[in-house]
Amino acid sequence: MKKFRSCLLFLLILLGGLFLLVACGGDEDPKMDAPVNLRVTDDDYLTWDPVNDALGYFVDVDGEEYETETHRFDLFELTSKPDTYHIKVMAYGNFREVLDSDWAETKYTVSVPQGLAVKPTKDGKGMEICAAPSQKLSLKGKLIIPEKINGLPVTVLAEDAFAGCKNITSVIIPDSVLEFDRAVFEDCTSLTRVKLPAYLETLSYFTFDGCEKLSLISFPDSLLSVDTCAFRGCSALTDFRFPDSVTQIYASVFHDCKNLTSVVLPKNLERISSYYVFGGCENLTELRFSEENDRYTVDQNCVIRREDNALVLGSPNAVIPDYVRSIEGYSFWFSTGMTSLNIPASVKEIAAGAFSYCNDLSEITVADGNTAYKADGNCLIRTSDNVLIKGIPDSVIPDYVHTIGNQAFAHCTMTEFIIPDHIQTIEQEAFASSPNLERIFIPSSVTKIGPYAFYYCQKLSVTVPDTVQEIVTPGKEAYVFYNCKSVYFPFDLVSSPGSITEFSFEQSHFWRCGLKYDGAYPYVYSITSNHYLFRSHAIPPTRIGYTLAGWTTEEGGTVPEFPPVCPQLTFEERKELTELLKDLTLFAVWTAE
């Protein structure tokens, strides 16, 4: 009986244990789903689909474990050598309620780059490297530049080394590299990120010029200078911070970085160019130093040199502080988005080109009490000599102004401009590089035109009055009308009042034109038939209030025999027309608009 009771007790205990085991098993915490769809993006980020209720993730790269709170992890510098990397990802949550997921695994292979060309450096102690010209489009994805070749360290990236490698997405440069030649990665249009070498001191000319997707750069603490146009056209840059080691920043560094919003300047900066460093940075709203700088300060988005209170650089939304004494040339160049300009009373000097290409300007004012400058008719005028310093398309030039100054209307967007008949001098680059300018009327009051005055106005047709006595300052190059579409002169090349020798395939110079005048404004009355025949890509001459209907061989004739511009002709047609018009003069037929 006792034996039976003992067996029964044992059975009950066993059944109770099983019951407890089942009960506990029913309360076991669930396990999280493992991450899926692991993939590496073009910019070297490992990503995966988010796991529900995950608080974060563990990432294992070849045995080294990392943690991230998002479903995205940066592999760029962890995969810096050609190899196959074994990668695992695990999701974790609240350990008391849910168990960690299983590991999800993938592999990432970084290949040894092919298509590279090398040669020994001049001192024979290292190697200079570049992409073989025929292989530039074959280089794709992540590029890891080798540290050594044939036992020698790679120390130099050659001129244009990887320029035009449009399929490279990221680059790691080994610490053995000490020098960049110019334009190393120019026009690498798919490049998104770069790790620079640890001992690089100079970022050379045009290094990343035109790298429109570049957004991340890992800088070394050794960097001392950033050279001209280093980041020009890098439109994906938004927030940029110079390493504090940088002491020199040269011209046009951020030219046309349209999405740049903030720049942090280095505390050790010793020199920064005034030559349109931020030209075209239309969204730049924040400019500051990382820490206080001894030579410069930033005030209201203007960079100001402390020793003389000179404004060196400004951004489109800058306000010129009321203690600034001078504004350097090109300091606001290409400040698109700048709609108004107010010159404080403290300003005594404004250099040429300070506000060139500020195409959105609609208002110019000068504070009361300024004795050096004044605003009149939306013109900025220097009071000492009444020279017009800066104008805008709707400027009304006061009648006491006799000189249009250096770059006063350079890069303007207007299509037509009538220079008033009290202007006597048009100075250097006054209307240069105005891409939309089609018609400009120069009055007989003008006697002098400076160098580059209408340089690269590619749509312009202009008639030069016979009152002009000097074109360019003696001893200087001309290029007054270089690449203007059509220029009509009353004199010939030999007797012109300047060395007008500039020509381009697209432009047409008409010499020995007969002129007449509507008041002070000349218009073309006649041209030689030879010029007509061989200027088939010209733009017709212009006249205020009139349109050229065509040309006739009859002086005073009102019915055109030939169109305003000679049409494209076959060789036989041109030969026949040349014989017909040989040594004749063609007279303009004008019709009122």
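Going by the structure above, here's the rest.
As the structure is a prediction and not an experimental result, all values here were calculated from the model.

### What about the packing of aromatic side chains?
Link 1 in the chain: Tallied over the full model, the rule gives 42 aromatic pairs.
Link 2 in the chain: Ring plane angle 5° and centroid distance 5.6 Å describe the contact between Phe 185 and Phe 208, whose orientation is recorded as stacked. Taken together, the residues span a long stretch of sequence, with Phe 185 in the loop between strand 14 (179-180) and strand 15 (193-195) and Phe 208 in the loop between strand 16 (202-203) and strand 17 (216-218) at a distance of 23 residues. With respect to class, Phe 185 is no different from Phe 208; both count as buried.
Link 3 in the chain: Where Tyr 275 meets Tyr 276, the ring centres are 4.2 Å apart and the plane angle is 35°; that geometry is what we call tilted.
Link 4 in the chain: Ring-pair connections join several aromatic residues into one group, and the members of that group are Phe 162, Phe 180, Phe 185, Phe 208, Phe 219, Phe 231, Phe 240, Phe 242, Phe 254 and Phe 278.
Link 5 in the chain: Geometry around Tyr 205 places Arg 182 over its ring, the cationic atom sitting 5.5 Å from the centre.

### Digging into the pattern of salt bridges
Link 1 in the chain: The tally for this structure, following the rule as stated, stands at 20 salt bridges.
Link 2 in the chain: With a closest N to O distance of 2.8 Å, Asp 74 and Arg 193 form a salt bridge. With Asp 74 in strand 5 (residues 72-74) and Arg 193 in strand 15, this pair connects stretches of sequence that are 119 residues apart.
Link 3 in the chain: A relative accessible area of 29% places Asp 74 in the partly exposed class.
Link 4 in the chain: Of the charged contacts, one joins Arg 439 and Glu 416 as a salt bridge, the two residues approaching to 2.7 Å between their closest N and O atoms. One end of the pair, Arg 439, is in strand 37 (residues 439-441); the other, Glu 416, is in strand 35 (residues 416-418), and 23 residues separate them in sequence.

### As for the nonpolar core
Link 1 in the chain: Judged by nonpolar contacts, the single largest core of 58 residues is most densely connected at Leu 157, Phe 162, Phe 185, Phe 208, Phe 231 and Phe 254.
Link 2 in the chain: Secondary structure elements with two or more residues in this core: strand 9 (127-131), strand 12 (152-157), strand 13 (168-172), strand 21 (262-265), strand 23 (286-289) and strand 26 (310-314).
Link 3 in the chain: With three residues, the top contributor of residues to this core is strand 9.
Link 4 in the chain: Ignoring any residue separated from it by four or fewer positions in sequence, one finds Phe 254 in contact with Phe 231, Phe 240, Phe 242, Leu 260, Val 277, Phe 278, Gly 279 and Cys 281.
Link 5 in the chain: Listed in part, the 37 residues of the second largest apolar core include Phe 409, Cys 412, Ile 419 and Leu 460.

### Quick notes on helix 3 (residues 571-581)
Link 1 in the chain: Residues of helix 3 that are buried: Arg 574, Leu 577 and Leu 581. In an axial view of helix 3, the angular spread of the buried residues amounts to 70°, which keeps them on one side of the axis. Those residues of helix 3 that are exposed and angled more than 90 degrees off the buried face are Phe 571, Glu 572, Lys 575, Glu 576 and Glu 579.
Link 2 in the chain: Residues of helix 3 that are buried sit in contact with helix 2 (529-533) and strand 46 (585-592).
Link 3 in the chain: A positive phi of about 65° marks Asp 583, the residue just after helix 3.

Rules behind the numbers
Residues numbered from 1 in each chain as written. Predicted model: local features only at pLDDT ≥ 70, side-chain atom pairs only at ≥ 80, totals over all residues. Heavy atoms only, no water. Phe/Tyr/Trp six-rings, centres within 6.5 Å; stacked < 30°, edge-to-face > 60°. Helix = DSSP H or I, 4+ residues; strand = E, 2+ residues; numbered from the N terminus. Buried < 20%, exposed > 50% of the residue type's maximum accessible area, 1.4 Å probe, protein only. Lys NZ or Arg CZ within 6 Å of the ring centre and 35° of its normal. Salt bridge = Lys/Arg side-chain N within 4 Å of Asp/Glu carboxyl O. Core = buried A, V, L, I, M, F, W, Y, C linked by side-chain atoms within 4.5 Å. Contact = heavy atoms within 4.5 Å. Arc of directions from axis to C-beta.

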